Amino acid sequence: MVLKLMCPKCGRQVKKEEFLGKICRVCFEEQNPEPMTLKISSIPLCTNCGKIYGHKWLPRKQTWDVIKSNIKFSQDNLYVISYTLKDIIMSGRQGVQVNIRYYYKHGGKKIVKTFSKALFLKTTTCPVCGKIKGNYHEAIIQIRYEGKEEPKGVWTLIEQTIRPYEEENTIAIQDKGYLKTGGYDLNITLKTIANTIVKNLRNAFQPEYKISHRLVGFDMPASKKKYKTTYMLRFKPKQEAESL
(Lines give C-alpha, C1' and ligand atoms only; values in the text may rest on other atoms or scores of the structure.)
Protein backbone atom coordinates (compact mmCIF):
# COMPACT_ATOMS: atom_id res chain seq x y z
CA MET A 1 0.00 0.00 0.00
CA VAL A 2 1.32 3.40 -1.02
CA LEU A 3 1.46 5.90 1.81
CA LYS A 4 -0.27 9.17 1.01
CA LEU A 5 -0.34 12.37 2.99
CA MET A 6 -2.79 15.25 2.92
CA CYS A 7 -1.55 18.60 1.65
CA PRO A 8 -2.40 21.22 4.31
CA LYS A 9 -3.05 23.83 1.62
CA CYS A 10 -5.27 22.08 -0.94
CA GLY A 11 -6.35 19.02 1.08
CA ARG A 12 -5.39 16.54 -1.64
CA GLN A 13 -3.93 13.13 -0.81
CA VAL A 14 -0.55 12.78 -2.52
CA LYS A 15 2.50 10.58 -2.21
CA LYS A 16 5.13 11.65 0.29
CA GLU A 17 7.72 12.14 -2.46
CA GLU A 18 5.36 14.64 -4.13
CA PHE A 19 5.74 17.06 -1.25
CA LEU A 20 8.04 20.03 -1.64
CA GLY A 21 8.56 21.30 1.85
CA LYS A 22 5.27 21.28 3.73
CA ILE A 23 2.96 21.44 0.70
CA CYS A 24 2.39 19.32 -2.42
CA ARG A 25 4.15 20.03 -5.67
CA VAL A 26 1.01 21.47 -7.33
CA CYS A 27 0.57 24.05 -4.58
CA PHE A 28 4.29 24.78 -4.58
CA GLU A 29 4.28 25.57 -8.31
CA GLU A 30 1.14 27.71 -7.92
CA GLN A 31 2.87 29.76 -5.23
CA ASN A 32 6.19 29.98 -7.10
CA PRO A 33 6.17 31.44 -10.63
CA GLU A 34 8.06 29.85 -13.51
CA PRO A 35 11.75 30.19 -12.57
CA MET A 36 12.79 30.37 -16.24
CA THR A 37 11.83 33.24 -18.56
CA LEU A 38 13.16 34.76 -21.79
CA LYS A 39 14.16 38.40 -22.05
CA ILE A 40 13.09 38.50 -25.73
CA SER A 41 9.83 37.92 -27.60
CA SER A 42 11.37 38.03 -31.10
CA ILE A 43 14.69 37.50 -32.91
CA PRO A 44 15.79 39.88 -35.69
CA LEU A 45 16.32 38.02 -38.99
CA CYS A 46 18.04 39.53 -42.03
CA THR A 47 15.89 38.74 -45.08
CA ASN A 48 18.89 38.97 -47.40
CA CYS A 49 21.65 36.85 -45.83
CA GLY A 50 19.53 34.91 -43.32
CA LYS A 51 21.59 35.85 -40.27
CA ILE A 52 20.00 36.50 -36.87
CA TYR A 53 20.88 39.05 -34.22
CA GLY A 54 21.86 38.41 -30.63
CA HIS A 55 24.39 41.00 -29.41
CA LYS A 56 25.92 40.56 -32.88
CA TRP A 57 24.84 39.12 -36.25
CA LEU A 58 25.20 35.33 -36.35
CA PRO A 59 24.40 32.46 -38.76
CA ARG A 60 20.84 31.11 -38.45
CA LYS A 61 22.21 27.80 -37.17
CA GLN A 62 23.20 29.62 -33.96
CA THR A 63 19.58 30.37 -33.00
CA TRP A 64 19.99 28.41 -29.76
CA ASP A 65 23.01 30.51 -28.80
CA VAL A 66 20.88 33.65 -29.12
CA ILE A 67 18.05 32.12 -27.07
CA LYS A 68 20.42 30.74 -24.43
CA SER A 69 22.03 34.16 -23.92
CA ASN A 70 18.56 35.60 -23.23
CA ILE A 71 17.41 33.04 -20.64
CA LYS A 72 16.67 34.57 -17.25
CA PHE A 73 16.70 32.42 -14.09
CA SER A 74 15.13 33.27 -10.76
CA GLN A 75 16.85 30.25 -9.21
CA ASP A 76 20.61 30.04 -8.67
CA ASN A 77 20.76 26.28 -9.20
CA LEU A 78 18.83 25.94 -12.46
CA TYR A 79 20.29 23.73 -15.20
CA VAL A 80 19.25 23.08 -18.83
CA ILE A 81 18.88 19.38 -19.65
CA SER A 82 17.89 19.58 -23.32
CA TYR A 83 16.12 21.77 -25.87
CA THR A 84 14.32 21.57 -29.21
CA LEU A 85 13.73 24.25 -31.85
CA LYS A 86 11.05 24.14 -34.53
CA ASP A 87 10.28 26.61 -37.31
CA ILE A 88 6.64 27.71 -37.18
CA ILE A 89 4.26 30.25 -38.71
CA MET A 90 2.70 32.71 -36.25
CA SER A 91 -0.11 34.94 -37.54
CA GLY A 92 1.31 34.62 -41.04
CA ARG A 93 4.84 35.45 -39.89
CA GLN A 94 7.93 33.29 -39.46
CA GLY A 95 8.70 32.13 -35.96
CA VAL A 96 10.51 29.53 -33.91
CA GLN A 97 9.11 27.35 -31.13
CA VAL A 98 11.58 26.62 -28.34
CA ASN A 99 11.07 23.89 -25.76
CA ILE A 100 13.57 23.71 -22.92
CA ARG A 101 13.73 20.89 -20.39
CA TYR A 102 15.48 21.93 -17.20
CA TYR A 103 15.71 21.24 -13.50
CA TYR A 104 16.46 22.97 -10.23
CA LYS A 105 16.74 21.83 -6.64
CA HIS A 106 14.49 22.78 -3.76
CA GLY A 107 14.63 21.33 -0.28
CA GLY A 108 17.10 18.71 -1.48
CA LYS A 109 14.77 17.54 -4.25
CA LYS A 110 15.38 17.76 -8.00
CA ILE A 111 12.47 19.45 -9.80
CA VAL A 112 12.31 18.79 -13.55
CA LYS A 113 10.22 21.15 -15.69
CA THR A 114 9.66 22.16 -19.33
CA PHE A 115 9.59 25.75 -20.57
CA SER A 116 7.98 26.52 -23.94
CA LYS A 117 7.75 29.75 -25.87
CA ALA A 118 7.08 30.85 -29.46
CA LEU A 119 9.31 33.65 -30.77
CA PHE A 120 8.71 35.80 -33.83
CA LEU A 121 11.51 36.11 -36.38
CA LYS A 122 11.46 39.86 -36.92
CA THR A 123 12.49 40.49 -40.53
CA THR A 124 14.96 43.30 -41.09
CA THR A 125 18.19 44.05 -42.97
CA CYS A 126 21.57 43.68 -41.29
CA PRO A 127 24.07 46.55 -41.65
CA VAL A 128 26.26 44.70 -44.16
CA CYS A 129 23.34 43.82 -46.45
CA GLY A 130 22.04 47.36 -46.11
CA LYS A 131 25.33 48.63 -47.50
CA ILE A 132 25.28 46.06 -50.29
CA LYS A 133 21.77 46.99 -51.44
CA GLY A 134 22.77 50.64 -51.56
CA ASN A 135 25.73 49.89 -53.88
CA TYR A 136 27.94 50.90 -50.98
CA HIS A 137 31.65 50.17 -51.25
CA GLU A 138 34.42 50.91 -48.77
CA ALA A 139 37.37 50.28 -51.06
CA ILE A 140 38.57 50.35 -54.66
CA ILE A 141 41.17 47.98 -56.07
CA GLN A 142 42.87 49.25 -59.21
CA ILE A 143 44.36 46.44 -61.29
CA ARG A 144 46.95 47.80 -63.74
CA TYR A 145 49.10 46.02 -66.32
CA GLU A 146 50.81 46.73 -69.63
CA GLY A 147 49.12 45.69 -72.85
CA LYS A 148 45.66 44.24 -73.35
CA GLU A 149 46.02 41.04 -71.35
CA GLU A 150 46.34 40.85 -67.59
CA PRO A 151 48.86 38.43 -66.09
CA LYS A 152 47.60 34.87 -66.11
CA GLY A 153 45.99 33.85 -62.84
CA VAL A 154 45.17 37.31 -61.41
CA TRP A 155 41.41 37.14 -61.91
CA THR A 156 41.36 33.45 -60.96
CA LEU A 157 42.97 34.30 -57.61
CA ILE A 158 40.48 37.14 -57.03
CA GLU A 159 37.55 34.77 -57.68
CA GLN A 160 39.03 32.19 -55.30
CA THR A 161 39.45 34.84 -52.61
CA ILE A 162 35.88 36.15 -52.74
CA ARG A 163 34.19 32.74 -53.06
CA PRO A 164 33.81 32.18 -49.25
CA TYR A 165 32.07 35.56 -48.93
CA GLU A 166 29.68 34.80 -51.79
CA GLU A 167 28.84 31.44 -50.19
CA GLU A 168 27.63 33.46 -47.18
CA ASN A 169 25.43 35.61 -49.47
CA THR A 170 27.76 38.62 -49.27
CA ILE A 171 28.36 40.61 -52.44
CA ALA A 172 32.11 41.16 -52.45
CA ILE A 173 32.49 43.12 -55.70
CA GLN A 174 29.92 45.83 -56.35
CA ASP A 175 31.20 46.82 -59.77
CA LYS A 176 33.97 46.04 -62.25
CA GLY A 177 34.90 48.88 -64.57
CA TYR A 178 37.32 48.23 -67.45
CA LEU A 179 39.71 50.84 -68.75
CA LYS A 180 40.26 51.19 -72.51
CA THR A 181 43.70 49.67 -72.06
CA GLY A 182 45.76 48.32 -69.24
CA GLY A 183 43.44 47.30 -66.45
CA TYR A 184 40.21 47.70 -64.50
CA ASP A 185 38.80 48.98 -61.20
CA LEU A 186 36.93 46.88 -58.65
CA ASN A 187 34.51 48.48 -56.18
CA ILE A 188 34.73 46.29 -53.05
CA THR A 189 31.84 46.29 -50.59
CA LEU A 190 33.87 45.89 -47.40
CA LYS A 191 37.43 46.96 -46.65
CA THR A 192 38.13 43.65 -44.91
CA ILE A 193 37.42 41.83 -48.19
CA ALA A 194 39.62 44.26 -50.11
CA ASN A 195 42.48 43.72 -47.66
CA THR A 196 42.28 39.95 -48.18
CA ILE A 197 42.23 40.26 -51.99
CA VAL A 198 45.20 42.65 -52.00
CA LYS A 199 47.18 40.50 -49.56
CA ASN A 200 46.69 37.38 -51.69
CA LEU A 201 47.62 39.17 -54.91
CA ARG A 202 50.75 40.70 -53.39
CA ASN A 203 51.88 37.37 -51.96
CA ALA A 204 51.33 35.59 -55.29
CA PHE A 205 52.58 38.22 -57.78
CA GLN A 206 54.63 40.88 -55.93
CA PRO A 207 53.16 43.76 -57.99
CA GLU A 208 53.99 47.43 -57.51
CA TYR A 209 51.72 48.59 -54.68
CA LYS A 210 50.29 51.91 -53.56
CA ILE A 211 47.52 52.78 -51.12
CA SER A 212 45.59 56.00 -50.55
CA HIS A 213 42.67 57.15 -48.41
CA ARG A 214 39.94 59.67 -49.24
CA LEU A 215 37.67 61.28 -46.65
CA VAL A 216 34.03 60.54 -47.57
CA GLY A 217 32.08 61.46 -44.44
CA PHE A 218 31.72 61.25 -40.70
CA ASP A 219 30.26 58.38 -38.67
CA MET A 220 28.18 60.21 -36.04
CA PRO A 221 27.40 57.18 -33.77
CA ALA A 222 31.05 56.12 -33.73
CA SER A 223 32.35 59.72 -33.65
CA LYS A 224 35.00 59.10 -36.28
CA LYS A 225 35.81 60.07 -39.85
CA LYS A 226 34.94 57.72 -42.72
CA TYR A 227 37.48 57.03 -45.43
CA LYS A 228 37.38 55.18 -48.75
CA THR A 229 40.58 53.27 -49.43
CA THR A 230 42.08 52.82 -52.89
CA TYR A 231 44.65 50.11 -53.59
CA MET A 232 46.68 50.30 -56.81
CA LEU A 233 48.40 47.10 -57.98
CA ARG A 234 50.60 47.39 -61.08
CA PHE A 235 51.71 44.08 -62.58
CA LYS A 236 54.80 43.55 -64.70
CA PRO A 237 54.44 42.16 -68.23
CA LYS A 238 53.71 38.41 -68.32
CA GLN A 239 53.84 38.28 -64.52
CA GLU A 240 52.31 35.07 -63.19
CA ALA A 241 51.82 33.53 -59.80
CA GLU A 242 54.20 30.65 -59.11
CA SER A 243 51.52 28.81 -57.13
CA LEU A 244 48.84 28.92 -59.86
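What you see is a predicted model, and the numbers here were worked out from it, not measured in a lab. (Residues numbered from 1 in each chain as written. Predicted model: local features only at pLDDT ≥ 70, side-chain atom pairs only at ≥ 80, totals over all residues. Heavy atoms only, no water.)

Draft legend 1. Structural context of the overall build of the chain. Counting its regular elements, the chain contains five helices and 17 strands. For a compact globule of 244 residues, the expected C-alpha radius of gyration is about 18 Å, and the chain comes in at 29 Å, more than 25% above that figure. Every one of the 244 residues in the chain was classed for burial, and the buried ones make up 35%. Of the contacts formed within the chain by residues at least 6 apart in sequence, a portion of 57% connects residues at least 24 apart. Each charge sign in the chain was given a centre, from 43 positive and 22 negative side chains, and these centres are 8 Å apart. (Helix = DSSP H or I, 4+ residues; strand = E, 2+ residues; numbered from the N terminus. Rg over C-alpha atoms; globule rule 2.2 N^0.38 Å. Buried < 20%, exposed > 50% of the residue type's maximum accessible area, 1.4 Å probe, protein only. Contact = heavy atoms within 4.5 Å. Lys, Arg positive; Asp, Glu negative; His and termini not counted. Charge placed at Lys NZ, Arg CZ, Asp CG, Glu CD.)

Draft legend 2. Quick peek at the environment of Thr 47. By the element assignment, Thr 47 lies in the loop between strand S6 (42–46) and strand S7 (52–53). Among the residues examined, Thr 47 registers a relative accessible area of 52% and is labelled exposed. Measuring from C-alpha to C-alpha, the distance between Thr 47 and Cys 129 comes to 9.1 Å, with 82 residues separating the pair along the chain. Contact partners of Thr 47, with chain neighbours within four places excluded, come to Thr 123, Thr 124 and Thr 125.

Draft legend 3. Molecular detail of the side chain of Thr 230. Mapped onto the fold, Thr 230 is located in strand S17 (residues 224–235). By relative accessible area, which is 17% here, Thr 230 ends up buried. Beyond its immediate stretch of four places on either side in the chain, Thr 230 contacts Ile 140, Gln 142, Lys 210, Ile 211 and Ser 212.

Draft legend 4. Local environment of the nonpolar core. Judged by nonpolar contacts, the single largest core of 29 residues is most densely connected at Met 36, Leu 38, Ile 43, Ile 67, Ile 100 and Leu 119. Elements supplying a minimum of two residues to this core: strand S3 (19–20), strand S4 (23–24), helix H1 (25–31), strand S5 (36–38), S6, helix H2 (63–68), strand S11 (93–106) and strand S12 (109–124). Each residue touching Ile 100, except ones within four places of it in the same chain, is listed here: Met 36, Trp 64, Ile 71, Val 80, Ser 82, Tyr 83, Lys 113, Thr 114 and Phe 115. Ile 141, Leu 157, Ala 172 and Tyr 231 belong to the second-largest nonpolar core, a separate cluster that totals 24 residues. (Core = buried A, V, L, I, M, F, W, Y, C linked by side-chain atoms within 4.5 Å.)

Draft legend 5. Just a negative patch on the surface, in detail. On the surface, Glu 159, Glu 166, Glu 167 and Glu 168 cluster together to form a negatively charged patch. Looking at where Glu 167 falls in the secondary structure, it is placed in helix H4 (residues 154–167). (Patch = residues over 30% accessible without salt bridge, like charges linked within 9 Å, V, L, I, M, F, W, Y side chains within 5 Å. Areas by Shrake-Rupley, 256 points an atom, 1.4 Å probe, with all protein chains shown as cover. Salt bridge = Lys/Arg side-chain N within 4 Å of Asp/Glu carboxyl O.)

Draft legend 6. Molecular detail of unusual backbone geometry. The phi dihedral of His 55 is positive, around 75°, even though this residue is not glycine. With relative accessibility at 64%, the residue His 55 sits in the exposed group.

Draft legend 7. Up close: the pairing of strand S14 (residues 173–178). Both S14 and strand S15 (residues 183–188) contribute to a ladder of five bridges, which runs antiparallel. Each residue of the ladder has a partner; that of Asp 175, found in S15, is Asn 187. Joining the antiparallel neighbours S14 and S15 is a turn of four residues, in which Gly 182 adopts a positive phi near 85°. (Pairing = 2+ DSSP bridges.)

Draft legend 8. Structural detail: the pattern of salt bridges. A full pass over the atoms with the stated rule returns three salt bridges. Between Arg 60 and Asp 87 there is a salt bridge whose closest N-O contact spans 3.0 Å. With a gap of 27 residues between them, Arg 60 in the loop between strand S8 (57–58) and H2 and Asp 87 in strand S10 (residues 78–90) connect regions that are remote in the sequence. Among the residues examined, Asp 87 registers a relative accessible area of 57% and is labelled exposed.

Draft legend 9. Up close: the packing of aromatic side chains. In total, this model carries six aromatic pairs according to the counting rule given. Taken together through their ring pairs, the aromatic side chains of Trp 155, Tyr 178 and Tyr 184 make up a single cluster. (Phe/Tyr/Trp six-rings, centres within 6.5 Å; stacked < 30°, edge-to-face > 60°.)

Draft legend 10. Spotlight on the confidence of the model for the chain. Summing up the model confidence of the chain, the mean pLDDT is 86 and the portion of residues at 70 or higher is 92%. The weakest mean pLDDT in the chain belongs to S3 at 72; the strongest belongs to helix H5 (residues 191–205) at 96. (pLDDT = per-residue confidence, 0-100.)

Draft legend 11. Structural context of the environment of Ile 173. Turning to its location among the elements, Ile 173 is positioned in strand S14. Using a relative accessible area of 19% as the deciding quantity, one classes Ile 173 as buried. Excluding its chain neighbours within four sequence positions, the residues that come into contact with Ile 173 are Trp 155, Ile 158, Ile 162, Leu 186, Asn 187 and Ile 188.

Draft legend 12. Structural detail: the layout of surface pockets. Volume-wise, the largest pocket comes out at about 290 Å³. For the largest pocket, the lining is made up of 12 residues, of which Tyr 136, Glu 138, Lys 225, Lys 226 and Tyr 227 are closest to its centre. At five residues, S17 tops the list of elements feeding residues into the lining of the largest pocket. The residue inventory of the lining of the largest pocket, partitioned by class, reads three nonpolar, one polar and eight charged. Approximately 230 Å³ is the volume found for the second largest pocket. Taken together, 13 residues line the second largest pocket, and the ones lying closest to its centre are Lys 51, Val 128, Glu 168, Thr 170 and Leu 190. The biggest single contributor to the lining of the second largest pocket is helix H3 (residues 127–133), with three residues. In the lining of the second largest pocket, the residues fall into nine nonpolar, two polar and two charged. (1 Å grid on protein atoms, 1.4 Å probe; cavity = no way out; pocket = protein on both sides within 12 Å on 5 of 7 lines; lining within 4 Å. Points joined across faces, edges and corners; volume = space filled by probe spheres on them. Nonpolar A, V, L, I, M, F, W, Y, C, P; charged D, E, K, R; others polar.)

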